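Given next are the chains, with one letter for each unit.
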Amino acid sequence: DNVVRVTTSKGALTLKGKNVILATGSSPVIPDIPGIDLPQVMTSRDILRMDDWNFDCLTVIGGGVIGVEIATIFAALGSRVTLLEQANRLLESMDPMISEQMEALGLYEANPLDIHCTSALNSTEIRASHQLNTMERSNTATHSQLASP
């Protein structure tokens, strides 16, 4: 067995196991686009800290580990989720085999997601109806989606 000793402000902890994964977390990247500072636009940390997770629809920017995690959580909770990724596949920073396995296991079918790869978010804005509008551009089309606040 492998042994890892973790020291935190609450004390030390020794972990043993054949395989040990250290997932230390990461920080959200805030893209520089018009409207990104609107109150309806949240980071993954912001949304997970909310008391109410009841969203009719949600647009997630980024198809990396955190984006896929947030998208699948909220799709499983019943939200309509659109996932935008600039790369040509989800989890692009990982080995292609991982993306292929995620699809083969049916993860995205079990929790239906509207996935747009090779897409970039151009802007967000608040409409007169108080709905958040996201504008994305892909290699083939431009899409607009309204989300309830």
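Above this text sits the structure in question.
Please read all numbers here as calculations on a predicted model, not as lab measurements. All chains use their own residue numbering, which begins from 1 and follows the written sequence. Selection of residues for local features in this predicted model requires a pLDDT of at least 70, selection of side-chain atom pairs for listing and counting requires 80 or more, and totals for whole chains, interfaces and linings are taken over all residues. Excluding hydrogens and water, the side-chain figures rest on all heavy atoms present in the structure.

Visitor: Which parts of the structure should I look at to understand a nonpolar patch on the surface?
Guide: A residue counts toward a patch only above 30% relative accessible area and without a salt bridge, and it is joined to like-charged neighbours within 9 Å or, for Val, Leu, Ile, Met, Phe, Trp and Tyr, to nonpolar neighbours within 5 Å. Computed with the Shrake-Rupley method and a 1.4 Å probe, the accessible areas treat only the protein chains shown as cover for residues. The working definition used for a salt bridge is a side-chain nitrogen of Lys or Arg within 4 Å of a carboxyl oxygen of Asp or Glu. On the surface, Met42, Leu48, Met50, Trp53 and Leu77 cluster together into a nonpolar patch covering about 410 Å² of accessible area. Only DSSP runs of H or I covering at least 4 residues are called helices, and only runs of E covering at least 2 are called strands; the numbering of each starts at the N terminus. Along the polypeptide, Met50 turns up in the loop between helix H1 (44-48) and strand S3 (57-61).

Visitor: Whenever I open this one, the pairing of S3 confuses me. Can you help?
Guide: Along a regular strand, successive side chains alternate from one face of the sheet to the other. The rule for pairing is simple: two strands pair if DSSP sees at least two bridges between them. By the bridge criterion, 5 bridges tie S3 to strand S4 (residues 80-84) in an arrangement that is parallel. Note on S4: the bridge partner recorded for Thr59 is Thr82.

Visitor: Help me out: how do you make sense of the side chain of Ser99 in this one?
Guide: For Ser99, the position within the fold is in helix H3 (residues 96-104). For this analysis, residues touch if any pair of their heavy atoms sits within 4.5 Å. Sequence-distant contacts of Ser99, defined by excluding residues within four places in its chain, comprise Arg89, Leu90 and Leu91.

Visitor: Could you clarify how one ought to interpret the sheet that holds strand S5 (residues 113-116) in this entry?
Guide: Hydrogen bonds between backbone atoms are what pair the strands of a sheet, whose relative direction is either parallel or antiparallel. On the basis of which strands lie adjacent, the open sheet formed by 3 strands has the order S3-S4-S5 and parallel pairing. The open sheet has two edge strands, S3 and S5, and neither has a second partner. Within the sheet, the average angular offset between the axes of one strand and its neighbour, ignoring direction, is 15°. As paired elements, S4 and S5 share 4 bridges and run parallel to each other. The residue bridging Val81 from the neighbouring strand is Leu113, located in S5. Between the N-to-C directions of two axes lies an angle of 0 to 180 degrees, each axis being a line fitted to C-alpha atoms and, for a helix, fitted only over the stretch in contact. Together, S3, S4 and S5 form the strand contacts of helix H2 (residues 65-76), whose direction differs from that of S4 by roughly 165°.

Visitor: Explanation requested: the nonpolar core in the structure shown.
Guide: Soluble globular proteins: nonpolar side chains tend toward being buried together. Membership of the largest hydrophobic core comes to 14 residues, with the highest contact counts inside it found for Ile47, Leu58, Val60, Ala71, Phe74, Val81 and Leu83. Only S3, H2 and S4 provide two or more residues apiece to this core. For this core, the element with the highest residue contribution is H2, accounting for 5 residues. With near-sequence residues (within four places) excluded, Phe74 lies in contact with Ile47, Trp53, Phe55, Leu58, Ser79 and Val81. Side-chain atoms within 4.5 Å are what join buried Ala, Val, Leu, Ile, Met, Phe, Trp, Tyr and Cys residues into a set we call a nonpolar core. Here's how the labels work: a residue is buried when its accessible area is under 20% of the maximum for its type, exposed when over 50%, partly exposed in between, all with a 1.4 Å probe on protein chains only.

Visitor: I'm lost on H2 in this one. Help?
Guide: Residue pairs spaced three or four apart in an α-helix point in one direction, given the helix's 3.6 residues per turn. A rise of 1.5 Å per residue sets the reference length of H2, with its 12 residues, at 16 Å; its end C-alpha atoms lie 16 Å apart and thus fit the reference within 8%. All buried positions along H2 are accounted for by Gly67, Val68, Ile70, Ala71, Thr72, Phe74 and Ala75. To estimate how far a helix should reach, multiply one less than its number of residues by 1.5 Å.

Visitor: Explain the packing of aromatic side chains here, please?
Guide: Each aromatic ring pair is characterised by the separation of its centres together with the angle its planes make. Here a Phe, Tyr or Trp ring, Trp counted by its six-membered ring, pairs with any other such ring whose centre lies within 6.5 Å, and the pair is stacked when the planes are under 30 degrees apart, edge-to-face when over 60, and tilted otherwise. Under the defined criterion, the tally for this structure stands at 2 aromatic pairs. Ring geometry for Trp53 and Phe74: centres 5.4 Å apart, planes at 50°, overall tilted. Linking Trp53 in the loop between H1 and S3 with Phe74 in helix H2, this pair joins segments that are 21 residues apart in sequence. Measuring from ring centre to ring centre gives 5.7 Å for Phe55 and Phe74, while their planes differ by 75°; the resulting arrangement is edge-to-face. On the criterion of sequence distance, the pair formed by Phe55 in the loop between H1 and S3 and Phe74 in helix H2 is long-range, its members being 19 residues apart. Summarising the burial analysis for this pair, Phe55 and Phe74 share the class buried. A network of ring pairs unites the aromatic residues Trp53, Phe55 and Phe74 as a single cluster.

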